[in-house]
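The lines below spell out each chain.
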Amino acid sequence: MELDAARNPDHDLTSDELWASVLEDLVSDVYHSLAESPPCETFSWYLFNYGPGPRPLRTKQHPWGFPCLQGKLKGKIETANLLVRRSIEAPNVAYDHGVSYMLDFLRT
């Protein structure tokens, strides 16, 4: 099974209901392996290009986002942080239940 919100809006892993279902499936031996690749656009080093384009939303000093963010940018960082936390949670659940896993954090 592939869950990708870009292809299907029903695959939005920020949904607590869908996330609970995924974790339950991991616990219930529905999956034999897990591969994750969370969105990286708020982590990309390209944001530090200082040319035209989007600006950084986080740094080493503020890994979960700048405290001054508001509006859409705050929402964007909160969504990215939730997906990262879930991308860390799932392999822990997988490990505890003998499911192999791969976590792919691409450095872009």
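To start, this report covers the structure provided alongside it. Throughout, a residue's number is its position along its own chain's written sequence, starting from 1. In keeping with the predicted nature of the model, local features appear solely for residues at pLDDT of at least 70, side-chain atom pairs appear and are counted solely at 80 or more, and the whole-chain, interface and lining totals rest on all residues. Note that water and hydrogens are dropped before the side-chain values are worked out from all heavy atoms of the structure.

Here, axes are lines fitted to C-alpha atoms. For helices the fit covers the stretch in contact, and angles between N-to-C directions go from 0 to 180 degrees. Think of it this way: any DSSP run of H or I at least four residues long counts as a helix, any run of E at least two long counts as a strand, and we number them from the N terminus. Direction vectors running N to C along helix α1 (residues 16-27) and helix α2 (residues 71-96) enclose 25 degrees, while the axes themselves pass 9 Å from each other. It follows from the interaxial angle that α1 and α2 lie roughly parallel. Our pair here, α1 against α2, has a crossing hand that is right-handed. When α1 is examined against α2, the residues D16, W19, L23, L26 and V27 are found in contact with a partner set consisting of R86, E89, A90, V93 and A94. All amino acids are sorted into three groups, where Ala, Val, Leu, Ile, Met, Phe, Trp, Tyr, Cys and Pro are nonpolar, Asp, Glu, Lys and Arg are charged, and the leftover types, Gly among them, are polar. Here the residues of the contact of α1 with α2 sort into seven nonpolar, no polar and three charged. Each angle gets one of four labels, with under 35 degrees taken as roughly parallel, over 145 as roughly antiparallel, 65 to 115 as roughly perpendicular, and the rest as oblique. The crossing is said to be left-handed when, going from far helix to near helix, the turn is anticlockwise and less than a right angle, and right-handed when the turn is clockwise. Contacts are residue-level and defined by heavy atoms, with any inter-residue pair within 4.5 Å sufficient.

Let us look at the environment of D25. The residue D25 is located in helix α1 in this model. The spacing of D25 and A5 is 20 residues in sequence and 19 Å in space, taken between C-alpha atoms. Leaving out residues up to four positions away in the same chain, D25 has contacts with V30 and Y31.

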